[in-house]
Amino acid sequence: MSSLVGYELNESVATITLDDGKVNVLGPAMQTAINEALDRAEKDAAKTVVLAGNGRVFSGGFDLTVFQSGDAQAALGMLAGGFELAVRCLTFPVPVVMAATGPAIAMGSFLLLSGDHRVGQPKTRCQAIEVAIGMTIPVAALEIMRFRLTPAVYQRGAALASTFAGDEAVYGGWLDEIVEADRVLTRAQEVATELVNTVHTGAHVATKLKARESALDAIRAGINGLATEFSLG
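Residues numbered from 1 in each chain as written. Predicted model: local features only at pLDDT ≥ 70, side-chain atom pairs only at ≥ 80, totals over all residues. Heavy atoms only, no water.

K.L.:
Help me understand the pattern of salt bridges, please; the structure alone is not making it clear to me.
P.N.:
If charged atoms from side chains of opposite charge come close, those side chains can pair. Evaluated as defined, the whole model comprises 13 salt bridges. Notably, a salt bridge pairs Arg40 with Asp44, separated by 3.9 Å at the nearest N-O pair. Notably, a salt bridge pairs Asp116 with Lys208, separated by 3.1 Å at the nearest N-O pair. Taken together, the residues span a long stretch of sequence, with Asp116 in the loop between helix 4 (107-112) and strand 6 (117-120) and Lys208 in helix 9 (residues 201-211) at a distance of 92 residues. For Asp116, a relative accessible area of 19% puts it in the buried group. (Salt bridge = Lys/Arg side-chain N within 4 Å of Asp/Glu carboxyl O. Helix = DSSP H or I, 4+ residues; strand = E, 2+ residues; numbered from the N terminus. Buried < 20%, exposed > 50% of the residue type's maximum accessible area, 1.4 Å probe, protein only.)

K.L.:
Please clarify how the side chain of Ser114 should be interpreted in this entry.
P.N.:
Note that Ser114 resides in the loop between helix 4 and strand 6. Under the relative-accessibility criterion, Ser114 is labelled buried at 0%. If we skip the residues at most four places from it in the chain, Ser114 touches Ala86, Cys89, Leu90, Met98, Ile144 and Arg148. (Contact = heavy atoms within 4.5 Å.)

K.L.:
Sorry if this is basic, but what is going on with the packing of helix 3 (residues 72-90) against helix 5 (residues 139-148) here?
P.N.:
Angle between the axes and distance between the axes: these two values describe a pair of packed helices. With their axes 10 Å apart at the nearest point, helix 3 and helix 5 run at an angle of 30 degrees to one another. In terms of axis orientation, helix 3 runs roughly parallel to helix 5. Judged by the sense of rotation from one axis to the other, the crossing of helix 3 with helix 5 is left-handed. Residues Phe83, Ala86 and Leu90 of helix 3 lie in contact with helix 5, whose contacting residues are Ala140, Ala141, Ile144 and Phe147. Of the residues in the contact of helix 3 with helix 5, the class split is seven nonpolar, no polar and no charged. (Axes fitted to C-alpha atoms, helices over the stretch in contact; angles between N-to-C directions. Parallel < 35°, antiparallel > 145°, perpendicular 65-115°, else oblique. Left-handed = near helix turned anticlockwise from the far one by under 90°. Nonpolar A, V, L, I, M, F, W, Y, C, P; charged D, E, K, R; others polar.)

Read these as layout, nothing more, since geometry by itself doesn't imply function.
Have a look at this one:
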């Protein structure tokens with residue numbers, strides 16, 4: 001298991017903790033580490049998964065140094081890998097609970113939106129920051145946002161890079177509940193344990209695949225079109 005993530009299995013709940021010592025950038029190495037941890041959760045027959053940030057942040061998004069490197073194929077690979085990870089969470093065979101210990105920015109916010117239940121704290125700032133830093137949001141990301149956010153928050157979040165926290169983040173669809181900062185991980189694990197005892201795994205995955213079919217098709221189309229969208233082919 002990579003040093004970028006921690007993994008713990010307790011009573012059928014697998015907890016995967018992102019911690020690169022900084023802001024948990026979702027570069028290729030972190031993406032690989034998370035996928036390996038999810039593979040392990042499946043191998044361990046975990047009945048729920050908690051995906052958590054470190055004490056500072058949930059995730060600050062993609063690794064900007066990859067975009068700045070001038071390597072178009074590396075940038076394309078990172079983009080596709082991030083959105084494939086989001087799809088994996090959206091379609092994972094057991095419930096995925098996100099523990100937003102701190103801010104979720106850009107791809108970090110899209111990954112947050114890909115959980116089945118999302119726990120945050122009062123200072124969990126949710127933001128698609130792209131247009132504020134001169135980047136155009138990929139179609140795949142817009143479709144994730146469209147799927148989970150209210151129409152008004154989707155428009156503000158996408159076009160204006162608006163920041164959402166507290167009750168506004170819950171009402172807008174970024175989060176499902178807010179607890180005190182020192183309770184985020186514990187609460188996420190409590191929710192995951194409750195789901196072990198209340199959700200039939202087969203019915204869960206079959207139903208969410210049906211409920212998300214159109215959104216998943218749109219996200220997949222966005223992933224397939226990344227090279228054309230950003231002239232990276």
